[in-house]
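# Topology and contacts: notes
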Amino acid sequence: MLSKKEKELIAEIWQKLLPVAEDIGSDALLRMFSAYPGTKTYFSHLDISARSPHLLSHGKKIVMAIAEGAQDISQLAVSLGPLQTLHAYQLRILPSNFKLFSHCMLVTLACHMGDNFTPVAHAAMDKYLSAFAAMLALKYR
């Protein structure tokens, strides 16, 4: 799946992004809601307008979970266990939405990181976010 060098690169990128976790996460969510309006149904009880407190808060939670998982990708199943259960059994999020969000996060990272989002970083991040999305969807099987 991911080489040692790719894992190190991913962990390094997410560590650098932690100070702007709210911005990155909320932007990725807003992109998903705009591009895939059906994903908004899970958030109908919240204000999900740009820069709203709910969007910023949830965006930060997502980025923090992604960054935490990036610190030890080999233990992704363990670190995501509680989130798998929450999303599958309590929130009942469609697993396809994780893939949609993954794509929106890639676009957000490209916009935010600019030239630092090299083809190598893009490929590694795509692999990682795909693994992250697949791991979240495991409880649905």
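The rules behind the values
Residues numbered from 1 in each chain as written. Predicted model: local features only at pLDDT ≥ 70, side-chain atom pairs only at ≥ 80, totals over all residues. Heavy atoms only, no water. Helix = DSSP H or I, 4+ residues; strand = E, 2+ residues; numbered from the N terminus. Rg over C-alpha atoms; globule rule 2.2 N^0.38 Å. Buried < 20%, exposed > 50% of the residue type's maximum accessible area, 1.4 Å probe, protein only. Contact = heavy atoms within 4.5 Å. Lys, Arg positive; Asp, Glu negative; His and termini not counted. Charge placed at Lys NZ, Arg CZ, Asp CG, Glu CD. Axes fitted to C-alpha atoms, helices over the stretch in contact; angles between N-to-C directions. Left-handed = near helix turned anticlockwise from the far one by under 90°. Disulfide = S-S within 2.5 Å. Expected span 1.5 Å × (residues − 1).

Turning our eyes to something else, we now look at the overall build of the protein chain. Across its full length, the protein chain carries seven helices and zero strands. The globule rule puts the C-alpha radius of gyration for 141 residues at 14 Å, and the 14 Å found for the protein chain is close to it. Each principal axis of the C-alpha distribution contributes one length, and for the protein chain these read about 40 × 35 × 20 Å. When each of the 141 residues of the protein chain is scored for burial, the buried share is 42%. Contacts in the protein chain between residues at least 24 apart in sequence constitute 79% of all its contacts with a sequence separation of at least 6. Looking at the protein chain, you have 14 positive and 11 negative side-chain charges, and the mean spots of the two groups are 7 Å apart.

Once that is clear, we can look at the packing of helix α1 (residues 4–17) against helix α3 (residues 53–71). The interhelical angle for the contact between α1 and α3, taken along N-to-C directions, is 145°, at an axis separation of 8 Å. As α1 packs across α3, the resulting crossing turns out to be left-handed. Here Lys7, Ile10, Ala11, Trp14 and Gln15 of α1 lie close against α3, whose contacting residues are Val63, Ile66, Ala67, Ala70 and Gln71.

Here we take up the state of the cysteines. In the structure shown here, the tally under the stated rule is zero disulfides. No disulfide involves Cys111; its nearest neighbouring cysteine sulfur is the one of Cys104, lying 11 Å away.

Assignment of secondary structure puts Met105 in helix α6 (residues 96–113). When near neighbours in sequence (up to four residues on either side) are disregarded, Met105 contacts Trp14, Ile24, Gly25, Ala28, Val63, Ile66 and Leu129.

Right, let's get into unusual backbone geometry. Phi is positive for Arg51, close to 65°, though the residue is something other than glycine. The class of Arg51 is exposed, set by a relative accessible area of 53%.

A separate point is helix α2 (residues 21–35). An ideal rise of 1.5 Å per residue puts 21 Å on 15 residues; α2 measures up with 21 Å between its terminal C-alpha atoms. Of all the positions in α2, only Ala21, Ile24, Gly25, Ser26, Ala28, Leu29, Met32 and Phe33 are classed as buried. Here the buried face of α2 lies against α1, α3 and α6.

It is worth stressing that arrangement in space is one thing and function is another; only the former is reported here.
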